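Below, each chain spelled out in residue letters.
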Amino acid sequence: MEIDLSPKLSKKVYGGDGGAYYAWCPNELPMLRQGNIGAAKLALEKNGFALPQYSDSAKVAYVLQGSGVAGIILPEKEEKVLAIKKGDAIALPFGVTTWWYNKDDTELAILFLGDTSKAHKSGSFTDFFLTGPNGIFTGFSTEFVSRAWDLDESTVKTLVGSQSGKGIVKLAPGAKMPEPKAEHYKGMALNCEEAPLDVDIKGGGKVVVLNTKNLPLVGEVGLGADLVRLNGGAMCSPGFSCDSALQVTYIVRGSGRVQVVGVDGKRVLETTVKAGNLFIVPRFFVVSKISDPDGLDWFSIITTPNPIFTHLAGRTSVWKALSPEVLQASFNVGADVEQKFSSKRKAEEIFFPPPN
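Residues numbered from 1 in each chain as written. Predicted model: local features only at pLDDT ≥ 70, side-chain atom pairs only at ≥ 80, totals over all residues. Heavy atoms only, no water.

(A) Quick look at the sheet that holds strand S10 (residues 108–115). The strand order across the open sheet built from seven strands is S1-S2-S3-S10-S5-S8-S13, with neighbouring strands paired in antiparallel fashion. Whereas interior strands pair on both sides, the edge strands pair on one side only; in this sheet they are strand S1 (11–16) and strand S13 (189–191). Put simply, the sheet's adjacent strands are angled 20 degrees from each other on average, direction ignored. (Pairing = 2+ DSSP bridges. Helix = DSSP H or I, 4+ residues; strand = E, 2+ residues; numbered from the N terminus. Axes fitted to C-alpha atoms, helices over the stretch in contact; angles between N-to-C directions.)

The following block contains the structure:
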């Protein structure tokens, strides 16, 4: 049975004056369910506050635009309050409780990509809120909550019943919230737009890889990630994850063309992608991208914390490692054609600038 790999946009799940929460549906993007991947997006307006919650999935969060404050509580640890901004990637292991706040005029948009293999619904995140009409404590009797919190029932009813907003609320202007601490940021997040580049090819593109070396917490999440910025008209070499990982890609900026080739050399996807699109490349399938003139940026997670890729063009490709005799026999060509093939792409790797 063929699986639809075409890119999809997210759809609104809930929201109000403070902002909205969007998600990609596994019924529309079947690879989410098959690959046990969840994808969602939070957009907070000025003074928007995403109420404290925990999830059934480990995730990587990536700040798409704006700036704000994130509260993160690891199990049995103190609250970490981080100043976050565009380009920040944050590892969110199982069991963390989070809240998010935007005090600025610019919308704060955060992408969430994660592993749903242990989730209630494969391909979807299920969030559990601590407060609000859908909060956990609305389900317990007043007696149970009173005993748990050591409070009289009247106070319990006030605490549990006062918040009418579901998931996202808008706080009053000037509302006092915790101030972020610089020391809380270290080890919890990494700004992919400011981190040292793992790849920087003139006229081609740049890559920052998120792994256990620069953000050890991703080891607990079980996912790796990268931010790729492809120059206008440049090409990303055909390649695949050689450690059986899935690659989940969100287009952050720009547009371009994508081709994916699978089993028996069959092209399973040929399309144009644009900002906001999400698509998934199955295990061992080969993907290549060519950006439009304005360039193409994408953020990807890979379902292993330290991914390994094999490229099929460029200086580091498998072709350059094969002996001339094997190439000639494999392609069924003479030495002259093989030499012409082998003489190309000796300097470039991964990204190829546009033709002159």
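From this point, the narrative continues.
(B) Spotlight on the packing of helix H2 (residues 142–149) against helix H3 (residues 153–161). Relative to each other, H2 and H3 sit at 100 degrees, their axes nearing to 9 Å. The pairing of H2 with H3 is recorded here as roughly perpendicular in orientation. Here Thr142, Glu143, Val145, Ser146 and Trp149 of H2 come into contact with H3, specifically with Glu153, Val156, Lys157, Leu159 and Val160. When its residues are assigned to classes, the contact of H2 with H3 shows five nonpolar, two polar and three charged. (Parallel < 35°, antiparallel > 145°, perpendicular 65-115°, else oblique. Contact = heavy atoms within 4.5 Å. Nonpolar A, V, L, I, M, F, W, Y, C, P; charged D, E, K, R; others polar.)

(C) Summary view of the layout of surface pockets. Here the largest pocket is characterised by a volume of approximately 380 Å³. Lining the largest pocket are 22 residues, and of these Val207, Asp226, Phe309, His311 and Ile350 lie nearest its centre. Mapped by element, the contributors of at least two residues to the lining of the largest pocket are strand S15 (205–210), strand S16 (224–230), strand S17 (235–241), strand S21 (286–302) and strand S22 (309–311). With five residues, the single largest contributor to the lining of the largest pocket is S17. Of the residues assigned to the lining of the largest pocket, the class counts are 15 nonpolar, four polar and three charged. (1 Å grid on protein atoms, 1.4 Å probe; cavity = no way out; pocket = protein on both sides within 12 Å on 5 of 7 lines; lining within 4 Å. Points joined across faces, edges and corners; volume = space filled by probe spheres on them.)

(D) Focus on empty space enclosed by the protein. This model, assessed by the stated rule, comprises two cavities of 30 Å³ or more. Its boundaries defined by the atoms lining it, the largest cavity holds a volume of some 180 Å³. Considering the residues around the largest cavity, the lining is formed by 17 residues, among which Gln53, Lys59, Thr98, Phe112 and Asp127 are closest to the centre. Elements supplying a minimum of two residues to the lining of the largest cavity: strand S4 (48–55) and strand S9 (97–101). At four residues, S4 tops the list of elements feeding residues into the lining of the largest cavity. Taken together, the residues that form the lining of the largest cavity break down as 10 nonpolar, five polar and two charged. Considering the residues around the second largest cavity, the lining is formed by Gly239, Phe240, Ser241, Ala245, Leu246, Gln247, Val281, Pro282, Arg283, Phe284, Phe285 and Val287. Broken down by element, the residue count for the lining of the second largest cavity peaks at three residues, all from S17.

(E) Looking closely at the UniProt feature "domain: Cupin type-1" (unreviewed entry) in the chain. With numbering matched to this structure, UniProt assigns "domain: Cupin type-1" (unreviewed entry) to residues 3–157 and 195–339. With 12% helix and 45% strand, the stretch residues 3–157 has end C-alpha atoms that lie 50 Å from each other. (UniProt positions renumbered as here; feature names shortened; annotations may be inferred.)

(F) Region of the structure containing the packing of aromatic side chains. Taken as a whole, this structure holds 13 aromatic pairs when the rule is applied. With 4.6 Å between their ring centres and 50 degrees between their planes, Phe137 and Trp149 make a pair best called tilted. In this pair, Phe137 sits in the loop between strand S11 (127–129) and H2 while Trp149 sits in helix H2, placing the two residues 12 residues apart along the sequence. Aromatic rings pair up to connect Phe137, Phe140, Phe144 and Trp149 into one cluster. A cation over an aromatic ring shows up here: Lys59 above the ring of Phe125, its NZ or CZ 4.5 Å from the ring centre. (Phe/Tyr/Trp six-rings, centres within 6.5 Å; stacked < 30°, edge-to-face > 60°. Lys NZ or Arg CZ within 6 Å of the ring centre and 35° of its normal.)

(G) Structural view of the nonpolar core. The biggest cluster of nonpolar side chains holds 78 residues, and the ones touching the most others in it are Trp100 and Phe299. Leu51, Trp99, Phe129 and Leu171 belong to the second largest nonpolar core, which has 10 residues in total. (Core = buried A, V, L, I, M, F, W, Y, C linked by side-chain atoms within 4.5 Å. Buried < 20%, exposed > 50% of the residue type's maximum accessible area, 1.4 Å probe, protein only.)

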